[in-house]
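# Summary of structural features
Letter by letter, the chains look like this.
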Amino acid sequence: RILTRDSPLALMRVPIQCLRKRSNCIVTSKYNIITFLPVNLFEQFQEVANTYFLFLLILQLIPQISSLSWFTTIVPLVLVLSITAVKDATDDYFRHKSDNQVNNRQSQVLLNGILQNEKWMNVRVGDIIKLENNQFVAADLLLLSSTEPHGLCYIETAELDGETNMKVRQSLSVTSELGDPDKLAQFDGEVVCEPPNNKLDRFSGTLYWRDCKYPLSNQNMLLRGCVLRNTESCYGLVIFAGPDTKLMQNSGCTKFKRTSIDRLMNTLVLWIFGFLVCMGVILAIGNAVWERKAGSLFQNFLPWDPSVNNFLFSAFLSFWSYVIILNTVVPISLYVSVEVIRLGHSYFINWDRKMYCSHSNTAAEVRTTTLNEELGQVEYIFSDKTGTLTQNIMSFNKCSINGHAYGTCTMQKNKDFSSWNPLADGGLCFYDGSLLEAVKTGDLVAHEFFRLLSLCHTVMSEEKTEGALVYKAQSPDEGALVTAARNFGFVFCSRTPGTVTVHELGRPVTYTLLAILDFNNIRKRMSVIVRNPEGRIRLYCKGADTVLFDRLHPCNHELMNITTNHLNEYASDGLRTLALAYRDLTEDEWEEWAELYRGAGRTVDFREDRLAAAYEEIEQDMMLLGATAIEDKLQEGVPETIAILSLANIKIWVLTGDKQETAVNIGYSCKMLTDDMTEIFIINGHTVQGVREEDAMKEEETQGLGKACSLGNGFSEKPKNPTSPTSLLESISGEFALVISGHSLAHALEADMEYEFVETVSVCKAVICCRVTPLQKALVIELIKRHKKAVTLAIGDGANDVSMIKTAHIGVGISGQEGIQAVLASDYSFAQFRFLQRLLLVHGRWSYLRMCRFLCYFFYKNFAFTMVHFWFGFFCGFSAQTVYDQYFITLYNIVYTSLPVLAMGIFDQDVPEQRSLEYPKLYEPGQLNLLFNKREFFICITQGIYTSVVLFFVPYSVLSHATQSNGIALADYQTFAVTTATALVIVVSVQIALDTGYWTAINHFFVWGSLGSYFTILFVLHSDILFSLFPQQFNFLGSAQNTLKQPVVWLTIALATVICIAPVLAFRFLKVELKPQLSDTVHTLLFHQKKRKPGVSLGRLGRSGSHRSGYAFAHQEGFGELITSGKNMRLSSLALATFASRHSASWIDTLRKKKHGNIQNTPSTPPAPNFNCDC
């Protein structure tokens, strides 16, 4: 129950426990000052490696088992935790900043009969708020009154559903007169309503006031996130506040995102720890055996420590000592390096000038630095439509009048309509001058065509200044058509509930509006009946050709065939089409039908059905005028981007709140839907059973069509597992698409149907979900994540996309015209959809490649380094003695080998960026996780173990029998240590030189500089100066100089290097020759292809008329009735702009390459099946 704050009933009728009111404050941040440290540390120690290093630190604090200083672990650990904490704190600071901006917005709240300014966060349930034009709605409000007639107000819901067309809301008639604070202060109504929920299109409640009750619906509600438009002011009662509002109920929660490589590394760290324990156990057992059999002989010379009294306890301490010594198989520097590499990749994205939009002065921005390599593994993209794929700008593009097509001549100069029509709109771009000439020369059919467009609509006009008309359209479709009529001399000027005034070629004409036959999704058309000044009555109709052609007079057959051909041409270009027709009525026909119409309008039961029947009766035997074609302008480069991403085996779904027809048209425009598809299925069931039956039917049709296609194309293949339904479906040949409505999707996402739904969409190349709520978008992504185990990316530009952006593995926000909510919730942001191909195919693929190469090399070099201690244990009595001195152990991962691998991880490339876009199949290894997985990990550590064997046993075997030039033996501990360490540094430096695919000056400097730094530091550590200053710490005076001047030592190092590197070179040569990867093939092509031959351009993709949605109409039902009632005579709409989309030939080149098979998949990169079934 909600009551006003000043209501005298509040204390009398509401239980005391209900008086607590929810705050309107919203919180999207994760931490505050008190919780930051414990929560952030808890999150960081969820990383297995951090817990592992903390455990090692504790062990190193025990002097009996530690042979290394504790600072070698605590300093890197604190550094890693601090860097991560600072990054997390910075991210959360911006969330706090955003929350504060929203929570501190001002609202006018009625308190004690006076309007007072209050912050949004202080608004409470039961408050009465005053909203003014262009203000955001602070909470979910019940509209009480408005300055507009009949309690109407107009809102824009782009933040909720992505639609920029205006919607109408109306207060109850009993509250519409409460227009001043004095009356509102006396309002003591009580609202009983449903609990908070996420359904944007539904509200159910009852207002109890003055001993009466009044039903409440969604038409009486103003939801948080809406913007008040074209309404001076209104008052509303707060029903839901803060987290209870429908916007916040749909926004989802901020989730801690990890990449698949992070999760794999957690598993690998556990395996490595298990391997470390096994090595420790082996060496501890060896220690016990050695101490029992041989150690007792040395008690007088090397006695046990006082705390050690038997060989078993010695073995126990030895186990922990070896755990500490061998812990460098996973050094903490790995995680520092990973964060540095990710930061470097983030800066590359931020600095990419090719992802900068000069039009909006917006650069790409990485908002979460920990997900870069995941960009190279995306399999599913879930995209919003409005503002993401399209600009939501409609443009009158072409038309067909009386069998003649206009608008096909795009090479001419844009026509200047203002030279002969002072009321023309300068924003219209139309290049075909023949249509303008037809109007000027008095073509009667052309005049009637544009007369229909100027009369048959629900647009309102407003004259801001003299002669400056501004159209207020509920949908951009209608605005584009009325604007086209305006430019061709038929200017809609004004309307009243009973008249429409049009300037026809400079002459004002007022028509009597007799009836509006309203639009809905079933009729797919709208009509008006008008009487001209001469008294002639005419019905004008516009709608989908699929329904309008059935209602034409038989004499239109030839014209209908010609117009159908034109419509098919327009539809093949992805244009939104409408057919136009008229019918003359006699006075008797009108009077007879008007009586039927009025009778249907007065009925209570089945009113809509009776009205539909009346409409059907009058809309017969019409005469065809022609058709229109409207372009819903795509963002620049959208078709090319989708084509390239599809070639990269990325499945793209469109999740939109728009109508089905609109979404399908855009699907054709951006080439998601094409004529080449075997079938496009549409599911529109409103019940569970209905959806289940449709889904089963589509599945059966898919199997049948797929078998037919398989037989016809000769590509029939028996599934490997005949008992698996999914295997059967995924073996089907052919291309399918699925279009599903929000009502059907709600049932399809239920637990007992979701598996069937996933089976069906698995065989579809394209999926379009229409009329879906923000929460449904998130649920669809969750479904795919759960069943397909694939990396998902969500991209959108409005607050209605926040939920799916947070749910997907990667969230991308478009910096568009619908606010910044999507950007604030995203991991990456940029200005246009076309930048997505560069983000994934260039930056994402490179980031994945670099990270995989970095990890492979890092594990290799550290196993090669650490396992030498393991082999040495068998020759030192298992005493936990290290091969290298502690300074080499400390500096190996920090100085000697850190910078070269960082340079490779940040700068490496396999092919240039242009080739990454030209050959999208290069992206597939990331999707298949081929470059770093458990198999690659075992190969790396096997190579590392092999290297450690060579680096230990070759020097050990040679030096044990070698002598100096003076005859003194070389077989001493320090000589062996220096030889092994030097060989190790040289081998891993040569190995990274082989692994580096793209050399820069920085790579050269780091690789050879690190090698030089090793020798410099080595000689300094064994110099006279340090020995004289710190004789206890640096007691091996001159060992390095003495060792490295021996020729046998250098021969030993050279021999070990050759034995380590030669098998690697041989293996890689054979692999490139016998089993090349796609990148190797591209390298070969680039090497041999000096000049590319010009190709032949592909033909335009067309589609048949059966695939057209048939009409472009996006406004809601009931608006015609609102006009004729006179309740909305002050309607205003959104301003329209134009932004031309351009089409490049790069994607066509890629299609041509795919078609002619220039680049073939190799065994190392499994070829894609003929039918892409994982959409």
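Residues numbered from 1 in each chain as written. Predicted model: local features only at pLDDT ≥ 70, side-chain atom pairs only at ≥ 80, totals over all residues. Heavy atoms only, no water.

## Looking at the packing of aromatic side chains
To keep it simple, the criterion reads: Two aromatic rings, drawn from Phe, Tyr or Trp (for Trp, its six-membered ring), form a pair once their centres lie within 6.5 Å of each other, and the interplanar angle then sorts them: stacked below 30 degrees, edge-to-face above 60, tilted otherwise. Where helices and strands are cited, they refer to DSSP runs of H or I of at least four residues and of E of at least two residues respectively, numbered from the N terminus. Whether a residue is buried, partly exposed or exposed follows from its accessible area with a 1.4 Å probe, protein chains only, as a fraction of its type maximum: under 20%, in between, or over 50%, in that order. We call a charge positioned over a ring when the NZ of a Lys or the CZ of an Arg lies within 6 Å of the ring centre and within 35 degrees of the ring normal.
Enumeration over the complete set of coordinates arrives at 55 aromatic pairs. Measuring from centroid to centroid gives 5.0 Å for Phe187 and Trp209, while their planes differ by 65°, and the two rings are edge-to-face. Separated by 22 residues along the polypeptide, Phe187 in the loop between α6 (181-185) and β8 (190-193) and Trp209 in strand β9 (residues 205-209) bring together distant segments of the chain. For Trp209, a relative accessible area of 4% gives the class buried. Consider the rings of Phe888 and Tyr1014, whose centres lie 6.0 Å apart with planes at 80°: the pair is edge-to-face. Of the two residues, Phe888 is situated in helix α28 (residues 886-896) and Tyr1014 in helix α34 (residues 1001-1021); the sequence distance between them amounts to 126 residues. Each of the two residues, Phe888 as well as Tyr1014, counts as buried. Through a chain of ring-to-ring contacts, three or more aromatic side chains come together here, namely Phe870, Trp871, Phe872, Phe874, Phe875, Phe878, Phe952, Phe953, Tyr956, Tyr973 and Phe976. Positioned above the aromatic ring of Tyr471 is the side chain of Arg486, whose terminal nitrogen or guanidinium carbon lies 5.2 Å from the ring centre. Between the NZ or CZ atom of Lys861 and the centre of the ring of Phe858, over which it lies, the distance is 4.1 Å.

## Quick word on the packing of helix α23 (residues 754-762) against helix α24 (residues 774-788)
Note the following rule: An axis is simply a line fitted to the C-alpha atoms; with a helix, the fit covers only the stretch in contact. Between two such axes, the angle follows the N-to-C directions and lies from 0 to 180 degrees. Each angle receives one of four descriptions, namely roughly parallel if under 35 degrees, roughly antiparallel if over 145, roughly perpendicular if within 65 to 115, and oblique otherwise. In this analysis, two residues are considered to be in contact whenever any of their non-hydrogen atoms come within 4.5 Å of each other. Classes in brief: Ala, Val, Leu, Ile, Met, Phe, Trp, Tyr, Cys and Pro nonpolar; Asp, Glu, Lys and Arg charged; the others, Gly included, polar.
Taken N-terminus to C-terminus, the directions of α23 and α24 make an angle of 85°; their axes are 11 Å apart at the nearest point. Considered as vectors, α23 and α24 are oriented roughly perpendicular to each other. Contacts between α23 and α24 pair Glu754, Tyr755, Phe757, Val758 and Ser762 from the former with Leu783, Arg786, His787 and Lys788 from the latter. Residues belonging to the contact of α23 with α24 are distributed by class as follows: 4 nonpolar, 2 polar and 3 charged.

## Quick word on the environment of Ile740
Mapped onto the elements of the fold, Ile740 is located in strand β29 (residues 736-741). For the pair formed by Ile740 and Arg771, sequence separation is 31 residues and the distance between their alpha carbons is 8.8 Å. In this view, Ile740 contacts Ile683, Leu745, Ala748, Phe757, Ile768, Cys769 and Cys770; residues no more than four positions away in its chain are not counted.

## Regarding the sheet that holds strand β2 (residues 106-111)
Rule in force here: In short, DSSP must find at least two bridges between two strands for them to pair.
Here we have 6 strands laid out as an open sheet, ordered β3-β2-β4-β13-β5-β11, and antiparallel in their pairing. Edge positions in the open sheet fall to β3 (114-119) and β11 (221-222), since each of these has one partner strand only. Strand direction decides the pairing type here: strand β5 (residues 140-146) and β11, joined by 2 bridges, are antiparallel. Bridge pairing in β11 links Leu142 to Met221.

## Remarks on the packing of helix α8 (residues 260-293) against helix α32 (residues 934-959)
For the record, the criterion: For a crossing to be left-handed, the near helix must be turned anticlockwise from the far one by less than a right angle; the clockwise case is right-handed.
Where α8 meets α32, the axes come as close as 12 Å, and the angle between the chain directions of the two elements is 40°. The orientation of α8 with respect to α32, classified from their angle, is oblique. Considering only the axes of α8 and α32, their crossing is right-handed. For the pair formed by α8 and α32, the contact residues are Leu264, Leu268, Trp271, Ile272 and Phe275 on the first element and Lys934, Phe937, Phe938 and Ile945 on the second. Of the residues in the contact of α8 with α32, the class split is 8 nonpolar, no polar and 1 charged.

## Some remarks on the UniProt feature "binding site: Mg(2+)" (unreviewed entry) in the protein
Our working rule: UniProt positions are given in the numbering used here, feature names are shortened, and annotations may be inferred rather than shown by experiment.
When the UniProt feature table is mapped onto this chain numbering, "binding site: Mg(2+)" (unreviewed entry) sits at Asp384, Thr386, Asp797 and Asp801. Judged by maximum C-alpha separation, these annotated positions cover 418 residues in sequence but sit close together in space, the widest gap being only 10.8 Å. Tracing the chain through its elements places Thr386 in the loop between β15 (378-383) and β16 (390-401). Judged by its relative accessible area of 3%, Thr386 falls in the buried class. Its place among the elements puts Asp801 in the loop between β31 (791-796) and α25 (802-807).

## A word on the environment of Tyr919
Examined against the element boundaries, Tyr919 turns out to sit in the loop between α30 (913-918) and α31 (924-927). Spatially, the C-alpha atoms of Tyr919 and Ser1079 are 9.3 Å apart, while their sequence positions differ by 160 residues.

## Structural notes on helix α3 (residues 48-60)
Definition in use: Expected span, for any helix, means 1.5 Å times one less than how many residues it has.
With 13 residues, α3 extends 19 Å between its outermost C-alpha atoms, agreeing within 8% with the 18 Å of an ideal straight helix rising 1.5 Å per residue. Those residues of α3 not exposed but buried are Ala49, Asn50, Tyr52, Phe53, Leu56, Leu57, Leu59 and Gln60.

## Considerations on the side chain of Ser741
To keep it simple, the criterion reads: Distance and chemistry together define a polar contact, namely a pair of N or O atoms within 3.5 Å, with one atom able to donate a hydrogen and the other to accept it when in protein, and with adjacent residues in sequence counting only for side-chain atoms on both sides.
Within the secondary structure, Ser741 is located in strand β29. Within the structure, the side chain of Ser741 is placed 3.2 Å from the side chain of Ser744, a separation counted as a polar contact. Apart from the residues within four sequence positions on either side, Ser741 is in contact with Ile683, Asn684 and Cys770.

## Looking at the environment of Thr942
Secondary-structure assignment places Thr942 in helix α32. Judged by relative accessible area, which is 49%, Thr942 ranks as partly exposed. Separated by 79 residues in the primary sequence, Thr942 and Phe863 place their C-alpha atoms 8.6 Å from one another.

## Considering a negative patch on the surface
Let me state the cut-off plainly: Patch definition: residues above 30% relative accessible area lacking any salt bridge, with like charges linked at up to 9 Å and the nonpolar side chains Val, Leu, Ile, Met, Phe, Trp and Tyr linked at up to 5 Å. Accessible areas in this description were obtained via Shrake-Rupley with a 1.4 Å probe; residue shielding takes into account the shown protein chains only. We count a salt bridge whenever a side-chain nitrogen from Lys or Arg sits within 4 Å of a carboxyl oxygen from Asp or Glu. Charge assignment: positive for Lys and Arg, negative for Asp and Glu; neither His nor the chain ends contribute. The location of each charge is read from NZ of Lys, CZ of Arg, CG of Asp or CD of Glu.
The grouping of Asp588, Glu591, Glu592 and Glu617 at the surface amounts to a negative patch. Residue contributions to the negative patch peak at 3 residues, all from helix α16 (residues 587-602). Mapped onto the elements of the fold, Glu592 is located in helix α16.

## Observations regarding the side chain of Thr641
Turning to its location among the elements, Thr641 is positioned in helix α18 (residues 638-647). A residue is classified by how much of its surface remains accessible, and Thr641, at 0% relative accessible area, is buried. In this structure Thr641 touches Phe833, Arg834 and Gln837, once residues within four positions along its chain are discounted.

## Digging into a nonpolar patch on the surface
Together, Ile282, Phe874, Phe875, Phe953 and Tyr956 make up a nonpolar patch on the protein surface, roughly 440 Å² of accessible area in all. For Ile282, the position within the fold is in helix α8.

## Quick notes on the sheet that holds strand β7 (residues 166-170)
Here 3 strands make up an open sheet; going across it, the order is β7-β6-β12 and the pairing antiparallel. Each edge of the sheet is formed by a strand with only one pairing partner; in this case those strands are β7 and β12 (227-229). The average angle at which neighbouring strand axes cross in this sheet is 45°, direction not considered. The sheet contact formed by strand β6 (residues 152-156) and β7 spans 5 bridges and is antiparallel. Residue pairing in the sheet places Tyr154 in a bridge with Val168 of β7.

## Quick notes on the pattern of salt bridges
Tallied over the full model, the rule gives 35 salt bridges. Among the ionic pairs, Glu339 bridges to Arg342, the shortest N-O distance being 3.6 Å. Here Arg342 and Glu339 lie together in helix α10 (residues 333-351), a separation of 3 residues that amounts to about one turn. Between Glu373 and Arg342 there is a salt bridge, with its nearest N and O atoms 2.4 Å apart.

## What about the nonpolar core?
As a reminder, the rule being used: Nonpolar core, defined: a set of buried Ala, Val, Leu, Ile, Met, Phe, Trp, Tyr and Cys residues in which side-chain atoms within 4.5 Å join the residues together.
Judged by nonpolar contacts, the single largest core of 100 residues is most densely connected at Val330, Leu334, Leu855 and Phe888. Considering every element that reaches this core, the biggest residue donor is helix α27 (residues 835-873), with 18 residues. Among all residues touching Val330, those that are not within four sequence positions of it are Tyr52, Phe53, Val269, Ile272, Tyr335 and Phe859. If you look at the next biggest cluster of nonpolar residues, it comprises 52 residues, including Ala364, Ile652, Leu673 and Cys770.

## Brief notes about the pairing of β6
Of all 5 residues in β6, 5 are buried, a share of seventy percent or more. Covered by surrounding structure in β6 are Leu152, Tyr154 and Glu156 together with Cys153 and Ile155, the residues of both alternating faces.

## Observations concerning unusual backbone geometry
Of note in the backbone geometry, Leu505 takes a positive phi value of approximately 55° without being a glycine. Relative to the assigned elements, Leu505 resides in the loop between β21 (499-504) and β22 (507-517). Of note, the phi angle at Lys524 is positive, near 55°, even though the residue is not glycine. For Lys524, a relative accessible area of 23% puts it in the partly exposed group.

## Side note on the confidence of the model for the protein
Heads up, the rule is: Per-residue confidence from the predictor is reported as pLDDT, which spans 0 to 100.
Mean pLDDT for the protein: 80, with 82% of residues reaching 70 or above. Taken as a whole, residues 3-20 scores under 50 in pLDDT and shows 30 contacts with residues more than four places along the chain or in a different chain. Overall, residues 1130-1175 carries pLDDT values under 50, and its contacts beyond four positions in sequence, including any with other chains, amount to 120 contacts.

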